[in-house]
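Here is how the chains run, residue by residue.
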Amino acid sequence: NNFTDGTGILPWMRKSYAAAVFPIPNSTLIDVETPPYKVSMSFYLRSSFRDRTLSNPFCATDSCHTDKTKINFLQWMLSVTPGTSVDMDGIYYFSLVEEAVWKLRKDVRAAFPEPMGKDFVRFKKWFHVFAPLHKTMNDRVFAKWKATYDHHQKENRTYHVAIKTEEDLGINIVGWPAA
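Residues numbered from 1 in each chain as written. Predicted model: local features only at pLDDT ≥ 70, side-chain atom pairs only at ≥ 80, totals over all residues. Heavy atoms only, no water.

*Asks:* Sorry, what's going on with the overall build of the protein chain here?
*Replies:* Helices and strands together make up the secondary structure of the protein chain, namely eight helices and zero strands. N-terminal to C-terminal, the α/β element order of the protein chain is α-α-α-α-α-α-α-α. Scored against the burial criterion, the 179 residues of the protein chain give a buried share of 39%. Intrachain contacts of the protein chain at a sequence separation of at least 6 include 52% that bridge at least 24 residues. Summing over all exposed atoms, the protein chain offers an accessible surface of approximately 11100 Å²; the carbon and sulfur share of this is 58%. (Helix = DSSP H or I, 4+ residues; strand = E, 2+ residues; numbered from the N terminus. Buried < 20%, exposed > 50% of the residue type's maximum accessible area, 1.4 Å probe, protein only. Contact = heavy atoms within 4.5 Å. Areas by Shrake-Rupley, 256 points an atom, 1.4 Å probe, with all protein chains shown as cover.)

Following this line, the structure appears as structure tokens:
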């Protein structure tokens, strides 16, 4: 029912965990009505989950966190962006936690149909104020989201490198064979 630090595991987290661990066999369907396949995750997200999380994904204390190169399930949900193969970091930070709340609330989906697009700023403002007030979020999960969000806002320059010269762009792999 809880992570090892006492953070409650919410119902949508259980569904997300099942989707990460139990992919729908031979299917690309998103919503399947037979358990445990009510929600599915992309191959990219399942691979990310497998590669980045602890063997005990609900470990959130030092006593069970033996591999410091791995993160727990909530940290993973706070670090990946749904629907993209590139995580949106810095000022564009968007996580599975936000997507889960957005998907659970029909009124929120109606008010912000594109939370990673044209409605991004308005959705973030709503999320800051109203997400912790709804039963889809608890105080600890919101506090961890807020700390992650604040870090991304404060440290956005570490995520978004300013390009000043052509050399800042890196290696031109496409043009290299023609040169």
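After presenting the structure, the write-up continues.
*Asks:* What should I look at first to understand the state of the cysteines in this one?
*Replies:* One pass over the structure, following the stated rule, counts one disulfide. For C59, the disulfide goes to C64, at an S-S distance of 2.1 Å. In this structure, the disulfide formed by C59 and C64 twists by about 105 degrees around the S-S bond and is classed as right-handed. For C59, a relative accessible area of 0% puts it in the buried group. (Disulfide = S-S within 2.5 Å.)

*Asks:* Explanation requested: a nonpolar patch on the surface in the structure shown.
*Replies:* A grouping of V129, F130 and L133 is seen on the molecular surface, where their side chains present a nonpolar patch of about 310 Å² in accessible area. Inspection of the secondary structure puts F130 in helix α6 (residues 120-130). For F130, a relative accessible area of 43% puts it in the partly exposed group. (Patch = residues over 30% accessible without salt bridge, like charges linked within 9 Å, V, L, I, M, F, W, Y side chains within 5 Å. Salt bridge = Lys/Arg side-chain N within 4 Å of Asp/Glu carboxyl O.)

*Asks:* Sorry, what's going on with the nonpolar core here?
*Replies:* Note that soluble globular proteins tend to have their nonpolar side chains buried in a common cluster. Counting residues in hydrophobic clusters, the biggest one holds 36 residues, and the most contacted among them are M13, W76, V97 and F127. Within the residue set of this core, elements represented by two or more residues are α1 (11-21), α2 (43-52), α3 (73-79), α4 (96-104), α6 and α7 (139-154). (Core = buried A, V, L, I, M, F, W, Y, C linked by side-chain atoms within 4.5 Å.)

*Asks:* In this structure, what is going on with the side chain of H65? I would like to understand it.
*Replies:* Residue position: H65 is located in the loop between α2 and α3. Of the residues examined, H65 reaches a relative accessible area of 14% and is grouped as buried. At 3.3 Å, the side chain of H65 forms a polar contact with the backbone oxygen of D67. Excluding its chain neighbours within four sequence positions, the residues that come into contact with H65 are L54, C59, K70 and Q75. (Polar contact = N/O pair within 3.5 Å; in protein donor to acceptor, adjacent residues only side chain to side chain.)

*Asks:* Please clarify how α2 should be interpreted in this entry.
*Replies:* Because an α-helix packs 3.6 residues into every turn, residues spaced three or four apart end up facing the same way. Taken residue by residue, α2 has L45, R46, S47, S48 and F49 as its buried positions. Buried-residue contacts for α2 involve α1, α3 and α4.

*Asks:* Is there a simple way to explain the packing of α6 against α7 in this structure?
*Replies:* To characterise two packed helices, one gives the angle between the axes of the helices and the distance between these axes. Axis separation between α6 and α7 bottoms out at 11 Å; the angle between their running directions is 140 degrees. Judged on the interaxial angle alone, α7 and α6 are oblique. Between α6 and α7 the crossing geometry is left-handed. Packed against α6, whose contacting residues are K124, F127 and H128, the element α7 presents F142, W145, K146 and Y149 at the interface. (Axes fitted to C-alpha atoms, helices over the stretch in contact; angles between N-to-C directions. Parallel < 35°, antiparallel > 145°, perpendicular 65-115°, else oblique. Left-handed = near helix turned anticlockwise from the far one by under 90°.)

*Asks:* It is not clear to me how the environment of D67 should be interpreted in this structure. Could you clarify?
*Replies:* Assignment of secondary structure puts D67 in the loop between α2 and α3. The spacing of D67 and T53 is 14 residues in sequence and 9.4 Å in space, taken between C-alpha atoms. Of note is the side chain of D67, whose polar atom sits 2.5 Å from the side chain of T69.

*Asks:* What's the story with the environment of M13 in this structure? I'm lost.
*Replies:* Topologically, M13 is positioned in helix α1. Through-space distance from the C-alpha of M13 to that of V97 is 8.5 Å; in sequence the pair is 84 residues apart. Apart from residues lying up to four places away in sequence, M13 is in contact with F3, G8, F73, L74, M77 and V141.

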